[in-house]
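Letter by letter, the chains look like this.
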Amino acid sequence: MKTWTIQTNSTEATGKTARFLGTLVQAGDVLTLSGDLGAGKTTFTKYLAEGLGVTKNVNSPTFTIMKEYEGRLPFFHMDAYRLEDSMEEIGLEEYLEAGGVVLIEWPEKIDDQLPDTRLHLTLSYDGPESRTITVTAYGEKAERRAEEWLADDNAHD
Ligand code: ADP
Ligand code: MG
């Protein structure tokens, strides 16, 4: 397990780094996003999707648990916030085997269904425009992705 932190001072700065990560993610990658309401999870997700080549607008999935988008790879967005039964089978394997990238907001709701290898981000509010993003890589694959992501200074402000 390895940890990094990123500071952003605007929505656009978060967008820029998220978009870059979107260009790097590969089939089978799982990203999980934690943080209070308003921390920027959905914002991060929208830009990441853009980097993945998704052209449709990404909205929080309210009525469906998992929303699918077409990009360079299939992109699956899940917001577990409103999930009532945490024992409900999400079937992550299926999405991953389909060659997709899966992003889950509020992963703590489905803790025991999360894969061992994943890139976990925690967004926290520092002020109206500033956020700290703590990046934790679980597993080697996630570590490689984070290293590639965070090594490129041009991708950040
Ligand atoms: P969540 O999904 O975590 O509830 P949202 O992404 O829906 O949060 O909302 C975050 C809000 O905070 C957006 O309106 C966004 O524009 C704003 N914001 C301000 N500064 C930042 C920043 N540095 N990074 C991300 N979002 C920011
Ligand atoms: Mg959200």
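Definitions and cut-offs
Residues numbered from 1 in each chain as written. Chains lettered and ligands numbered in written order. Predicted model: local features only at pLDDT ≥ 70, side-chain atom pairs only at ≥ 80, totals over all residues. Heavy atoms only, no water. Pairing = 2+ DSSP bridges. Helix = DSSP H or I, 4+ residues; strand = E, 2+ residues; numbered from the N terminus. Axes fitted to C-alpha atoms, helices over the stretch in contact; angles between N-to-C directions. Contact = heavy atoms within 4.5 Å. Parallel < 35°, antiparallel > 145°, perpendicular 65-115°, else oblique. Left-handed = near helix turned anticlockwise from the far one by under 90°. Nonpolar A, V, L, I, M, F, W, Y, C, P; charged D, E, K, R; others polar. Near = heavy atom within 4 Å. Polar contact = N/O pair within 3.5 Å; in protein donor to acceptor, adjacent residues only side chain to side chain. Areas by Shrake-Rupley, 256 points an atom, 1.4 Å probe, with all protein chains shown as cover. Core = buried A, V, L, I, M, F, W, Y, C linked by side-chain atoms within 4.5 Å. Buried < 20%, exposed > 50% of the residue type's maximum accessible area, 1.4 Å probe, protein only. Donors = N, O, S within 2.8 Å, 3.2 Å for Na, K, Ca; no water.

## Quick look at the sheet that holds strand β5 (residues 101-105)
Taken together, the seven strands give an open sheet; going across it, the order is β1-β7-β6-β2-β5-β4-β3, and neighbouring strands pair in mixed fashion. For this open sheet the edge positions go to β1 (2-8) and β3 (66-70), each flanked by a neighbour on one side alone. Strand-to-strand twist of the sheet, defined as the mean angle between neighbouring strand axes without regard to direction, takes the value 20°. Inspection of the sheet shows β1 paired to strand β7 (residues 130-138) by seven bridges, in the antiparallel sense. Bridge pairing in β7 places Thr 5 opposite Thr 134. Taken strand by strand, helix α1 (residues 11-24) contacts β1, β2 (30-34), β6 (118-127) and β7, and its axis lies near 140° from that of β1.

## Describing the packing of α1 against helix α2 (residues 41-51)
Angle between the axes and distance between the axes are the two parameters that describe a pair of packed helices. At a minimum axis distance of 7 Å, the contact between α1 and α2 shows a crossing angle of 45°. One finds that α1 runs oblique with respect to α2. Crossing hand, α1 versus α2: right-handed. The segment α1 lies against α2, with Thr 11, Thr 14, Gly 15, Thr 17, Ala 18, Arg 19, Leu 21, Gly 22 and Thr 23 engaging Thr 43, Phe 44, Tyr 47, Leu 48, Glu 50 and Gly 51. For the contact of α1 with α2, the residue count by class is five nonpolar, eight polar and two charged.

## Concerning the site of ligand 1
Near ligand 1 there are 16 residues, and of these Thr 11, Thr 14, Gly 38, Lys 41 and Thr 43 occur at the shortest range. Residue Thr 11 places a side-chain N or O atom 2.8 Å away from an oxygen atom belonging to ligand 1. Relative to its unbound accessible surface of 580 Å², ligand 1 loses 76% to contact with the protein. Elements supplying a minimum of two residues to the shell around ligand 1: α1 and α2. Among the elements that make up the shell around ligand 1, the one with the highest residue count is α2 (three residues). Here the shell around ligand 1 is built from residues that sort into three nonpolar, eight polar and five charged.

## Thoughts on the nonpolar core
Among the nonpolar cores identified, the biggest contains 32 residues, and Phe 44, Leu 48, Phe 75, Leu 119, Val 135 and Trp 149 are the most heavily contacted of them. Residue assignment for this core shows that the elements contributing at least two residues are β1, α1, β2, α2, β5, β6, β7 and α4 (140-151). If sequence neighbours within four positions are ignored, Val 135 has contacts with Lys 2, Thr 3, Trp 4, Ile 6, Leu 119, His 120, Leu 121, Ala 146, Trp 149 and Leu 150. One finds Met 66, Phe 76, Met 78 and Ile 104 within the second-largest nonpolar core, a separate group that totals 15 residues.

## Quick notes on the coordination of the magnesium ion (ligand 2)
Bound to the magnesium ion (ligand 2) are the protein donor atoms Thr 42 (OG1) and Glu 105 (OE), situated 2.1 to 2.7 Å from the metal. Placement of the pair is Thr 42 in helix α2 and Glu 105 in strand β5, with a sequence separation of 63 residues. Taking relative accessible area as the criterion, Thr 42 reaches 22% and is therefore assigned partly exposed. Glu 105 gets classed as buried once you look at its relative accessible area, which sits at 2%.

## Considering unusual backbone geometry
Notably, Trp 106 is not glycine yet its phi reads approximately 60°, a positive angle. Within the secondary structure, Trp 106 is located in the loop between β5 and β6.

## Overview of the side chain of Thr 136
Examined against the element boundaries, Thr 136 turns out to sit in strand β7. Contact partners of Thr 136, with chain neighbours within four places excluded, come to Met 1, Lys 2, Thr 3, Arg 118, Leu 119 and His 120.

## Some points on the packing of α1 against α4
Direction vectors running N to C along α1 and α4 enclose 130°, while the axes themselves pass 10 Å from each other. Our classification of the angle between α1 and α4 gives oblique. Of the two possible hands of crossing, α1 and α4 adopt the one that is right-handed. Of the residues in α4, those touching α1 at Thr 17, Phe 20, Leu 21 and Leu 24 are Arg 145, Glu 148 and Trp 149. Along the lines of polarity and charge, the residues of the contact of α1 with α4 split into four nonpolar, one polar and two charged.

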